[in-house]
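# Coordinate analysis (summary)
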Amino acid sequence: MAQNIYDDPAFFAGYRQLPRQVLGLEGAPEWAAIRALLPDVRGARVADLGCGFGWASRWFRAEGAASVLGYDLSENMIAQARARTDDPAIDYRIADLEALTLPETAFDLIYSALTFHYIVDFAWLTDMIHRALVPGGRLVFTIEHPVYMAPAHPHWTEDEDGRPTWPVNGYADEGERRTDWFAPGVVKQHRTLATTLNTLIGSGFDLLRLDEFAPTEAQVAAMPELAVERERPMMLLLSARKR
Ligand SMILES: C[S@@+](CC[C@H](N)C(=O)[O-])C[C@H]1O[C@@H](n2cnc3c(N)ncnc32)[C@H](O)[C@@H]1O
């Protein structure tokens, strides 16, 4: 059973105040890099897995997608998404991606932002997504970068300039990682970059492009707290196509 930390009141109270939830996609520094990976969505049938507040779901429709199905485990997140959406072509549903079965060859694009690192059985999920896409259909997703996931946070230390001094910690040890972020004991699943890419290839995807997002100097000047993301990547962005 998935943890569903987004329905924890203390966690949600903190999470909902992040700039990316208050401001939407423009509050996410990596959004321009994600857009560069996305195909033309005009007329597309889209699924948004781990849709959260539905910011991307609404953006797909604004860009001309025919329909969007947004799935999320959290009642809090789905309630926020529904409250912000007035569009009969967007349908938000509560579902656990660990057990969701989408209809076969029903989607042109399956998108997911910052959700797959919560998933234990990634191969099961990518097999299911592959079946749900039409031939040539696209999977575009972001996850926490495995280099960011690998350090056990209790070992986090900084030098006097605020730069992280930790080494990558147990990078090859895949599986559960617990962090304290808005609430104690948030569970995520660490996989190496090789495992993530080989899982996609094994499910029948061609890899189109990867991005290890780093903020620009201008972004760092505007938001100095982003500087650490030029020291080590925090997010991995990936675009793949169903063979
Ligand atoms: C970091 S938030 C990202 C939300 C949204 N994609 C965005 O970019 O704003 C991760 C989301 O994944 C959802 N999630 C985590 N595990 C899940 C699971 N097993 N099934 C469905 N959704 C899940 C959470 O409830 C949360 O809404």
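Refer to the structure above for everything that follows.
The written sequence of each chain sets the order in which its residues are numbered from 1. Selection of residues for local features in this predicted model requires a pLDDT of at least 70, selection of side-chain atom pairs for listing and counting requires 80 or more, and totals for whole chains, interfaces and linings are taken over all residues. In computing side-chain values, all of the structure's heavy atoms are included and hydrogens and water are not.

## Section: the packing of aromatic side chains
The following threshold applies: Stacked, tilted and edge-to-face pairs are distinguished by plane angle, under 30 degrees for stacked and over 60 for edge-to-face with tilted covering the rest, among Phe, Tyr and Trp rings (Trp via its six-membered ring) whose centres lie within 6.5 Å. Put simply, DSSP marks the helices as runs of H or I at least four residues long and the strands as runs of E at least two long, and each gets a number from the N terminus on. Think of it in three bands: with a 1.4 Å probe and only protein chains considered, a residue is buried below 20% of the maximum accessible area for its type, exposed above 50%, and partly exposed in between. A ring has a charge above it when a Lys NZ or an Arg CZ is no more than 6 Å from the ring centre and no more than 35 degrees off the ring normal.
Tallied over the entire structure, the rule returns 15 aromatic pairs. When the ring of F11 is compared with that of Y15, the centres are 5.9 Å apart and the planes differ by 10°; the resulting orientation is stacked. With F11 and Y15 both in helix α1 (residues 9-15) and four residues apart, the pair spans about one turn of that helix. For the pair shown, F11 and Y15 are each scored as buried. Where F11 meets W181, the ring centres are 5.5 Å apart and the plane angle is 75°; that geometry is what we call edge-to-face. Of this pair, F11 sits in helix α1 while W181 sits in the loop between β6 (175-179) and β7 (186-190); the two residues are 170 residues apart in sequence, bridging distant segments of the chain. We classify F11 as buried; its relative accessible area is 0%. Put simply, the rings of Y6, F11, Y15, Y118, W181 and F182 touch in pairs and so form one group of aromatic residues. Lying over the aromatic face of W55, R58 brings its terminal NZ or CZ to 4.8 Å of the ring centre. For K188, the ring lying beneath its charged end belongs to W181, and the centroid distance is 5.4 Å.

## Re the site of the ligand
Note the cut-off: One heavy atom within 4 Å of a molecule or strand makes the whole residue count as near it. Distance and chemistry together define a polar contact, namely a pair of N or O atoms within 3.5 Å, with one atom able to donate a hydrogen and the other to accept it when in protein, and with adjacent residues in sequence counting only for side-chain atoms on both sides. Per-residue and other accessible areas follow the Shrake-Rupley method at a 1.4 Å probe size, with only the shown protein chains counted as cover for residues. Three residue categories are used. Nonpolar comprises Ala, Val, Leu, Ile, Met, Phe, Trp, Tyr, Cys and Pro, charged comprises Asp, Glu, Lys and Arg, and polar comprises the others, including Gly.
In the region of the ligand, 19 residues are neighbours, and Y6, G50, D72, D96 and L97 sit closest. Between G50 and the ligand, the recorded distance is 2.7 Å, taken from a backbone N or O atom to a nitrogen atom. With respect to the ligand, the side chain of D72 contributes an N or O atom lying 2.6 Å from an oxygen atom. In the complex, the protein chains occlude 92% of the 590 Å² of accessible area that the ligand would expose alone. Of the residues assigned to the shell around the ligand, the class counts are twelve nonpolar, five polar and two charged.

## Some remarks on the sheet that holds strand β3 (residues 90-94)
Here is the rule: Any two strands with at least two DSSP-identified bridges between them are counted as paired. Between the N-to-C directions of two axes lies an angle of 0 to 180 degrees, each axis being a line fitted to C-alpha atoms and, for a helix, fitted only over the stretch in contact. Residues count as neighbours in contact if any of their non-hydrogen atoms are within 4.5 Å of one another.
The strand order across the open sheet formed by seven strands is β3-β2-β1-β4-β5-β9-β8, and the pairing between neighbours is mixed. Looking at which strands have only one partner, the edges of the open sheet turn out to be β3 and β8 (205-213). Pairs of neighbouring strands in the sheet enclose a mean axial angle of 15°, with direction left out of account. Examined bridge by bridge, strand β5 (residues 133-144) and strand β9 (residues 235-242) share seven bridges and lie antiparallel to one another. Bridge pairing in β9 links E144 to M235. Helix-sheet contacts for helix α8 (residues 193-203) involve β5, β8 and β9, and the interaxial angle to β8 is about 155°.

## Focus on the pairing of β7
Counting buried positions along β7 yields five of five residues, so the element is predominantly enclosed. Counted along the chain from β6 to the antiparallel partner β7, the turn is six residues long, and its residue F182 has a positive phi close to 70°.

## Considerations on the pattern of salt bridges
When charged atoms on two side chains of opposite charge get close, those side chains can pair. The condition that has to hold: The salt bridge criterion pairs a side-chain nitrogen of Lys or Arg with a carboxyl oxygen of Asp or Glu, the two atoms within 4 Å.
Taken as a whole, this structure holds nine salt bridges when the rule is applied. The partner of R45 in a salt bridge is D108, and the shortest N-O contact between them spans 3.1 Å. Placement of R45 in strand β1 (residues 45-49) and of D108 in strand β4 (residues 107-113) is noted, with a sequence separation of 63 residues between them. Accessibility expressed as a relative area gives 34% for R45, which makes it partly exposed.

## Some remarks on helix α5 (residues 75-83)
The line we're drawing: Arc definition: it is the arc formed by the directions from the helix axis to the C-beta atoms.
Buried within α5 we find M77, I78, Q80 and A81. Projected onto a plane normal to the axis of α5, the buried residues spread over an arc of 160° and lie on a single side. When the buried face of α5 is taken as reference, the exposed residues oriented beyond 90 degrees from it are E75 and A83. Along its buried surface, α5 packs onto α1, α4 (55-62), β2 (67-72) and β3. If you check the start of α5, you find a side-chain oxygen 3.2 Å away from the backbone N of N76, and it comes from S74.

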